[in-house]
Amino acid sequence: MFKKYSKQIQTFGRSLLLPIGVLAPVGMILGISGAFVQPYMIDKLPFLGNEVIQTTLKSTRTIMSVVFDNIPLLFAMGVAYGMSKRDKGIAVFASVVAYLVLIITMSVWLTVTGNLADPELISQMGQIKVLGVQTMNLNTAGGIFAGLMAAWATDKFYNLELPIAFAFFGGKKSVPIITSALMIGFGLLIPFVWQFFVQMLTHLSVVILSPLGPLFTAGGERLFIPFGLHHIWNAMFRFTEAGGTYVINGTTFVGVVPAMQEILFNLGPNSEYWSMMPSLTRFMAQQQMLVTLFAFPAISLAMYHTAKPENKKFVKPLLITLWMTALLGNVTEPLEFTFVFIAPFLYVIYALIIGISAAILPLFNVAIGYIRGTIFDFAIFGLMYEDTQWIYFVLVGLVMAVVMYFVFRWYILKFDIKTPGREDEQNLDNTLIKEKNYKRIAELVVEGLGGSENIAHVDNCITRLRIDVVDTQLINNDILKESGTTGIFLPSKNHIHIVFGPLVEFVRNAVDDEIRK
């Protein structure tokens, strides 16, 4: 039972690599183009105000933003593709249909029940506009569930036979139809559960405004990110009474952001109200900067050091890209999603460390930032503004980074967490791989596994084929070794791992072609 569950978790973790792989480079482009169009950046670097440069940057940002505006849909397709054991094309198609049905069903529920929020209040009410539809904001959780449902329906109903009168709708065509019906039920149920969580969050203002407030706001944001609730969490203290009311020059400002904008952009460091900044910024960008500037390089380094030696040169650029996506673009999900689903308890520890560190910053009157947590924001709001106490921020961040590194390194090794690059490869000569002779490799793999009739299912992760076979007695290791594999493992009954390194995807495609012959 445990091995079966463990195998499913690993398959699920691998299914997230496809959308994560898309988010990382796009996030870097979006971050750079987005930062350089900010007014404060143009003030510091006047040449950025050139009309041609601004048009180019804004156009690039608009084009790239379509990816991040539809992250749940990407995860729906990626999960469906990775989790389905049969026709992956049908699974992906069904996942798109499932997600569309889910968001429109919830939108209809909101409209019929009179809970559809005004456009300017959708964030505070836990709603969002997706593909032109105002609906409940489930973020990636909604996409992941749609993908899981589509994968399950594909494997379950792929060969469904219906009475002759309805035969046209059987087989593959039944999958998106059945998935749609199931998602209607889920879409009508989830608003009840989701609104319960949303209402629960709004009663936490007493805790938020306490000295331990940053512990809960920073740590809570990390914990809510996988479920898409972090937008509600942030909006609660940024724009409502939950974040406090502040009187500045006789004017009352509700929430953290309006008060901060007045002090930061209108009054400046020389104002008597600047002393209020630490009580405001403790809920804002300096929390995120702890993650992007200090936590992420520590986590990436821990993952790199715990990767298998032969995989390090391949993992290094991936981890750097994931970190730079956060550092330049304020997008943390790509790196967080590499471990949140396969090591949830480690993710909780990570959130706790961030929360504790954020709670320490106000003790030193640190007052850095606005909303974004990029390196650009730190340079402008931390280094170029006066009285921000940025040196204490750096000191706290460095201590936290050391703690984060050793916690991640220990946890990954102790519990053998399959973070990027942790594959048990042997360093053997691999001529066929070097020559990229995938056709010959596939022929040897299929033959070594006892022929195509003995192969039940083929999958792959970052470096290895993961294949289900009918009878392990038919496996010939000598033939498999001729293919140039760097490792052969039998982790469970009727399941074999064959390691080929980072080019495994091309090997897997060739094996699929060989089986279809």
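Coordinates for the structure precede this section.
One structure accompanies this document, and this report is about it. (Residues numbered from 1 in each chain as written. Predicted model: local features only at pLDDT ≥ 70, side-chain atom pairs only at ≥ 80, totals over all residues. Heavy atoms only, no water.)

## A look at the nonpolar core
Part 1 of the argument: Of all hydrophobic cores here, the largest spans 58 residues; its most connected members are Ile299, Phe339, Tyr350, Ile354, Phe393, Met404 and Phe408.
Part 2 of the argument: When contributions to this core are tallied by element, the ones reaching two or more residues are α4 (51-69), α5 (71-83), α7 (139-157), α14 (285-306), α15 (312-329), α17 (344-360) and α19 (390-414).
Part 3 of the argument: Here this core gets 12 residues from one element, more than from any other, and that element is α14.
Part 4 of the argument: Setting aside its immediate chain neighbours within four residues, Phe339 contacts Ile299, Met303, Pro344, Leu346, Tyr347, Tyr350 and Phe408.
Part 5 of the argument: Membership of the second largest hydrophobic core comes to 26 residues, among which are Ala242, Tyr246, Val257 and Ala367. (Core = buried A, V, L, I, M, F, W, Y, C linked by side-chain atoms within 4.5 Å. Buried < 20%, exposed > 50% of the residue type's maximum accessible area, 1.4 Å probe, protein only. Helix = DSSP H or I, 4+ residues; strand = E, 2+ residues; numbered from the N terminus. Contact = heavy atoms within 4.5 Å.)

## A short note on the packing of aromatic side chains
Part 1 of the argument: For the structure shown, the criterion picks out 16 aromatic pairs.
Part 2 of the argument: Relative to Phe186, the ring of Phe145 lies with its centre 4.0 Å away and its plane at 15°, an arrangement referred to as stacked. Here Phe145 is found in helix α7, whereas its partner Phe186 is found in helix α8 (residues 174-201), with 41 residues between them in sequence.
Part 3 of the argument: Ring centres 5.1 Å apart and planes at 10° place the aromatic pair Phe364 and Tyr392 in the stacked group. In this pair, Phe364 is assigned in the loop between α17 and α18 (375-384) and Tyr392 in helix α19, connecting sequence segments 28 residues apart. (Phe/Tyr/Trp six-rings, centres within 6.5 Å; stacked < 30°, edge-to-face > 60°.)

## Describing the packing of helix α6 (residues 88-112) against α7
Part 1 of the argument: For the pair α6 and α7, interaxial distance at closest approach is 8 Å and the crossing angle is 135°. In terms of their interaxial angle, α6 and α7 are classed as oblique. As for how α6 packs across α7, the hand of that crossing is right-handed. Of the residues in α7, those in contact with Ile90, Ala91, Ala94, Ser95, Ala98, Tyr99 and Leu102 of α6 are Gly142, Gly143, Ala146, Gly147, Ala150 and Thr154.
Part 2 of the argument: In terms of residue class, the contact of α6 with α7 is built from eight nonpolar, five polar and no charged. (Axes fitted to C-alpha atoms, helices over the stretch in contact; angles between N-to-C directions. Parallel < 35°, antiparallel > 145°, perpendicular 65-115°, else oblique. Left-handed = near helix turned anticlockwise from the far one by under 90°. Nonpolar A, V, L, I, M, F, W, Y, C, P; charged D, E, K, R; others polar.)

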